[in-house]
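Listed below, chain by chain, are the residues.
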Amino acid sequence: MTGSDEFHNLEVPRLSSTEARPSGGTKPTFPSDFLWGAATSAYQIEGAAGEGGRSRSIWDVFSRIPGNVLDGTNGDVATDHYRRFRDDVALMARMGLGAYRFSVSWPRVQPEGRGHANPEGLDFYRRLVDTLLDHGIEPWPTLYHWDLPQQLEAAGGWPERDTAKRFADYVMLVHEAIGDRVRSWTTVNEPWCSAFLGYASGDHAPGRTEPAASVRAAHHLLLGHGLAVRRLRDAGAGRVGIILNLYPVSAASTSAADTDAARRVDGLHNRLFLDPVLRGRYPPDVVTDLAPVSTFDHVRGEDLPVIATPQDMLGINYYTRHTVAAPNGEGSARHGTREDRPPPYPGSEGVRLVRGSGSCTAMGWEIDASGLVDVLRRLHSDYPPVPLYVTENGAAFHDTEPHNGLVRDPERIDYLDAHLRACHAAITEGVRLRGYFVWSLLDNFEWSWGYTRRFGMVYVDYPTQRRIPKQSAHWYAGVIRHNGLPATEAH
Ligand code: FCB
């Protein structure tokens, strides 16, 4: 069977009746230059943790501490992509991907986090980029997807200003190696997660629970981004941007207390990152909310202009929306029987994230494609214009085991279909959305959830490392081929 046959002949499942959308025969078509991609990250797929001169990252250390990862696993082997990358790229080509977003492992490229580069590490990314280009797939490297070299954490990690400078130096090593072949660069992936899950709630590496340090970490991640943008520009890089995880935040009721809770959470999740990057200032209300833990004296006068260095694009990772309530607020009482939980960061004490009424993915994240339109619309109307890319969107479901070489994942297809319709609606309204990347190409190591959650369009049988495209992979290949979605169906 030739590759293209593999993706042309498979019957694509109909939308499931549970998520059926209104009929009407609409067949959304995307702009002819719309970029279709898929995303992964180094620690989640590469494996080969002790090979090729790679040193330890904070995730190698964190995942070994009992209790930190749900199934007690780590990324030592992951999907063995370090050795299997050629096959994986061939699979991407058969799906018809226009771009592949991967991340560069800092401890593989610069094992000590400073000083000399590791030639073997750089060679791996050279070969990966060349293989992608040979298959007509645009490489989209992300320069930091959470795997800080452990030696830099030992020196203080992201709460230290020096880490931002170290990041910019490391970025230049990567640029020297692959800058002649890479046009689109993304700097830091989801600084919110690195700062608050890493240094406040301790759910992610390095697992610290130090609220003041988490606010400093957030700033230095943004500063690292800004320094990297400037250095990359000076070196002639094509396009550069940051990737933020954004959520629409709504109050659980119209009460003043719940409305203020929503303002706080929106501030900490969205505006604390968007405003410095796109407006060159921290939002004053968020600085006030954080006053009990931080005086912001780590912010130097010259930092904000650096962070706000104009970028060529903004990456948005979207998974769900948040509904929030104040402690004892009306919304809190209304949702009281649900599993409410506090947000994992300082400045929002007592505020509860409450479960909405929609269905959830296997992560417990509420499915709400309209939230993606809200996020895109807000960026379009409230912030200076910048081309947008959805750099992650996707879902974990409890996929069935492969049966006769097939993995049926209709829920994932429904999820992707609904979110792509949201993208199309936003484009129709005039939003400058230029591309979309599914999270994820492959099942992989899902951080503190280990291998218990599968996000891939391609099933990975971990004991054999066999790749089996799920039906969603076949479906997505069809979307790419037609540059659009199937017509909605009546049920
Ligand atoms: C995002 C991360 C990505 C993956 C997805 C599910 O926050 O960037 O690595 O874990 O969530």
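Up top is the structure these notes are about.
The rules behind the values
Residues numbered from 1 in each chain as written. Predicted model: local features only at pLDDT ≥ 70, side-chain atom pairs only at ≥ 80, totals over all residues. Heavy atoms only, no water. Helix = DSSP H or I, 4+ residues; strand = E, 2+ residues; numbered from the N terminus. Rg over C-alpha atoms; globule rule 2.2 N^0.38 Å. Contact = heavy atoms within 4.5 Å. Areas by Shrake-Rupley, 256 points an atom, 1.4 Å probe, with all protein chains shown as cover. Lys, Arg positive; Asp, Glu negative; His and termini not counted. Charge placed at Lys NZ, Arg CZ, Asp CG, Glu CD. Phe/Tyr/Trp six-rings, centres within 6.5 Å; stacked < 30°, edge-to-face > 60°. Buried < 20%, exposed > 50% of the residue type's maximum accessible area, 1.4 Å probe, protein only. Expected span 1.5 Å × (residues − 1). Bend = angle between axes of the 7 residues up to and from the residue. Pairing = 2+ DSSP bridges. Axes fitted to C-alpha atoms, helices over the stretch in contact; angles between N-to-C directions. Salt bridge = Lys/Arg side-chain N within 4 Å of Asp/Glu carboxyl O. Near = heavy atom within 4 Å. Polar contact = N/O pair within 3.5 Å; in protein donor to acceptor, adjacent residues only side chain to side chain. Nonpolar A, V, L, I, M, F, W, Y, C, P; charged D, E, K, R; others polar.

Draft legend 1. Molecular detail of the overall build of the protein. Counting its regular elements, the protein contains 17 helices and 13 strands. Relative to the compact-globule value of 23 Å for 491 residues, the protein shows a C-alpha radius of gyration of 22 Å, a close match. Principal-axis analysis of the C-alpha atoms places the extent of the protein at approximately 60 × 55 × 45 Å. By sequence separation, contacts in the protein at least 24 residues apart represent 79% of the contacts at least 6 residues apart. When the accessible surface of the protein is summed, it comes to about 17800 Å², and 50% of that surface belongs to carbon and sulfur atoms. If the 51 positive side-chain charges of the protein are averaged to one point and the 60 negative ones to another, these points end up 2 Å apart.

Draft legend 2. The packing of aromatic side chains, seen in detail. Under the definition given, this model contains 36 aromatic pairs. An angle of 80 degrees between the planes, with centres 6.3 Å apart, marks the rings of Phe196 and Phe273 as edge-to-face. A residue pair is termed long-range when its members are at least 10 positions apart, and Phe196 in helix H9 (residues 191-199) and Phe273 in helix H11 (residues 256-279) qualify at 77 residues. Of the residues examined, Phe196 reaches a relative accessible area of 0% and is grouped as buried. Taking the centre distance of 6.1 Å and the plane angle of 45 degrees together, the rings of Trp365 and Phe455 count as tilted. Here Trp365, found in the loop between strand S9 (352-354) and helix H15 (370-382), pairs with Phe455, found in the loop between strand S11 (433-439) and strand S12 (458-461); they are 90 residues apart in sequence, far enough to count as distant. Look at Trp365 and you get partly exposed, because its relative accessible area is 27%.

Draft legend 3. Looking closely at H11. Compared with the 34 Å implied by 1.5 Å per residue over 24 residues, the 28 Å span of H11 between its first and last C-alpha is markedly short. A bend of about 50 degrees at Arg271 is the largest found in H11. Just past H11, the residue Gly280 takes up positive phi, approximately 70 degrees.

Draft legend 4. Inspection of the sheet that holds strand S7 (residues 313-317) at higher detail. Taken in spatial order, the 8 strands close into a barrel running S1-S2-S3-S4-S5-S7-S10-S11, and their pairing is parallel. Taking the axes of each pair of neighbouring strands and ignoring which way they run, one obtains an average angle of 25 degrees across the sheet. Alignment of strand S3 (residues 138-144) against strand S4 (residues 184-189), held across 2 bridges, turns out to be parallel. Note on S4: the bridge partner recorded for Thr142 is Thr186. With respect to the sheet, H15 is in contact with S7, strand S10 (388-392) and S11, its orientation differing from that of S7 by roughly 155 degrees.

Draft legend 5. Main features of the pattern of salt bridges. Counted under the stated rule, the structure contains 41 salt bridges. One salt bridge in this structure joins Asp80 and Arg84, with 2.9 Å as the shortest N-O distance. The salt bridge partner of Asp180 is Arg181, with a shortest N-O separation of 3.0 Å. What makes Asp180 exposed here is its relative accessible area of 62%. Several salt bridges converge on common partners, so that one network encompasses Asp260, Arg263, Arg264, Asp266, Arg271, Asp285, Asp289 and Arg378.

Draft legend 6. Structural context of the site of the ligand. Taken together, the neighbourhood of the ligand is formed by Gln44, His145, Trp146, Asn189, Glu190, Tyr319, Glu392, Trp439, Glu446, Trp447 and Phe455. In this structure, His145 approaches the ligand through a side-chain N or O atom, which is 2.8 Å from an oxygen atom. For the ligand, an oxygen atom lies 2.5 Å from a polar atom in the side chain of Glu190. The residue inventory of the shell around the ligand, partitioned by class, reads 5 nonpolar, 3 polar and 3 charged.

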